[in-house]
Amino acid sequence: MINRSRRVFFTRKQLSPQPRLPWIKDENTFTDHCLRCNACIDACQTKVIIKGDGGFPVVDFHHGEGECSFCYQCADVCPEPLFELQSQPPWTQVATINSSCLALNNIECRSCGDQCETQAITFSLQVAKVAQPVINQADCSGCGACISGCPVAAIEMITP
């Protein structure tokens, strides 16, 4: 069992929350029962699952193809009952754009919108400015495609 608060105390740095795999039941069940066997890492179609803190698998949208295809293979190959059914939503995380976004700094860029398959990122036309990005969180699947497409790393996933 991992106590993340104790790890922060000893490392003196804040651990950034990395998204776990889609369909994980809950964090405690995951850290208590995950065997760290790497079966999910090997099965990932888009190669966005990597070894994270403590050897536990996490999703990193900067690796592989940069997005989760929600293929459910990570859950299918897992020998432990850590995952919800595929009929459930994969997770509640959605994309958010921070102030380093090029468009928010009046530089034309629509990379995130071009990558968004669900078209959750649109651009609002502005007078005397470049079009500004708008994320419709209801349409955002949290797949991460926009993260890998952003040239200035201005997009991150949050759990609303």
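Residues numbered from 1 in each chain as written. Predicted model: local features only at pLDDT ≥ 70, side-chain atom pairs only at ≥ 80, totals over all residues. Heavy atoms only, no water.

- The protein appears in an unreviewed UniProt entry as Ferredoxin-type protein NapF from Photobacterium piscicola.
- The record held by UniProt for the protein lists under Sequence similarities (unreviewed entry) the comment "Belongs to the NapF family."
- As recorded by UniProt, the Function (unreviewed entry) comment attached to the protein reads in full: "Could be involved in the maturation of NapA, the catalytic subunit of the periplasmic nitrate reductase, before its export into the periplasm." (UniProt positions renumbered as here; feature names shortened; annotations may be inferred.)

### Points about the environment of Ile 155
Next up, step 1: Along the chain, Ile 155 falls in strand β6 (residues 155–158).
Next up, step 2: In this structure the C-alpha to C-alpha distance between Ile 155 and Ser 100, which are 55 residues apart in sequence, comes to 8.9 Å.
Next up, step 3: Excluding its chain neighbours within four sequence positions, the residues that come into contact with Ile 155 are Ala 95, Thr 96, Ile 97, Cys 112, Cys 146, Ile 147 and Cys 150. (Helix = DSSP H or I, 4+ residues; strand = E, 2+ residues; numbered from the N terminus. Contact = heavy atoms within 4.5 Å.)

### Quick notes on the UniProt feature "binding site: [4Fe-4S] cluster 3" (unreviewed entry) in the protein
Next up, step 1: UniProt records the feature "binding site: [4Fe-4S] cluster 3" (unreviewed entry) at Cys 140, Cys 143, Cys 146 and Cys 150, using the numbering of this structure.
Next up, step 2: By the secondary structure assignment, Cys 140 is in the loop between β5 (132–135) and α6 (145–149).
Next up, step 3: For Cys 140, a relative accessible area of 17% translates into the label buried.
Next up, step 4: Setting aside residues up to four positions removed in sequence, Cys 140 forms contacts with Val 94, Ala 95, Thr 118 and Ala 120.
Next up, step 5: Considering the arrangement of structural elements, one finds Cys 143 in the loop between β5 and α6.
Next up, step 6: Residue classification places Cys 143 among the buried positions, given a relative accessible area of 15%.
Next up, step 7: In this structure, Cys 143 is in contact with Phe 61, Gly 66, Glu 67, Cys 68, Phe 70 and Met 157, ignoring residues within four places of it in sequence. (Buried < 20%, exposed > 50% of the residue type's maximum accessible area, 1.4 Å probe, protein only.)

### Observations concerning the packing of aromatic side chains
Next up, step 1: In the structure shown here, the tally under the stated rule is 5 aromatic pairs.
Next up, step 2: With a centroid separation of 4.9 Å and 80° between ring planes, the pair formed by Trp 23 and Tyr 72 is classed as edge-to-face. Here Trp 23, found in the loop between α1 (4–11) and α2 (27–33), pairs with Tyr 72, found in the loop between β2 (57–59) and α4 (73–77); they are 49 residues apart in sequence, far enough to count as distant. A single burial state applies to Trp 23 and to Tyr 72, both of which are buried. (Phe/Tyr/Trp six-rings, centres within 6.5 Å; stacked < 30°, edge-to-face > 60°.)

### Some words on the environment of Val 134
Next up, step 1: For Val 134, the position within the fold is in strand β5.
Next up, step 2: Separated by 10 residues in the primary sequence, Val 134 and Ser 124 have C-alpha atoms spaced 6.8 Å apart.
Next up, step 3: Non-local contacts of Val 134, meaning those with residues more than four positions away in its chain, are made with Ala 120, Ile 121, Thr 122 and Ser 124.

### Some points on the side chain of Arg 20
Next up, step 1: Counting through the fold element by element, Arg 20 comes out in the loop between α1 and α2.
Next up, step 2: Overall, the relative accessible area of 13% leaves Arg 20 in the buried class.
Next up, step 3: One polar contact links Arg 20 to Glu 27, side chain to side chain, over a distance of 2.9 Å. (Polar contact = N/O pair within 3.5 Å; in protein donor to acceptor, adjacent residues only side chain to side chain.)

### Concerning the nonpolar core
Next up, step 1: The biggest cluster of nonpolar side chains holds 39 residues, and the ones touching the most others in it are Leu 21, Ile 49 and Phe 83.
Next up, step 2: Contributing elements (two or more residues each) for this core: α3 (39–43), α4, β3 (94–97), β4 (121–124), α6 and β6.
Next up, step 3: Residue-level mapping places this core at the junction of two domains, with at least three residues from each of domain 1 (16–90) and domain 2 (94–158).
Next up, step 4: If near-sequence neighbours (up to four positions away) are discounted, Ile 49 is found in contact with Leu 21, Cys 40, Ile 41, Cys 44, Pro 57, Val 58, Val 59 and Cys 74. (Core = buried A, V, L, I, M, F, W, Y, C linked by side-chain atoms within 4.5 Å. Domains from an automatic or database assignment.)

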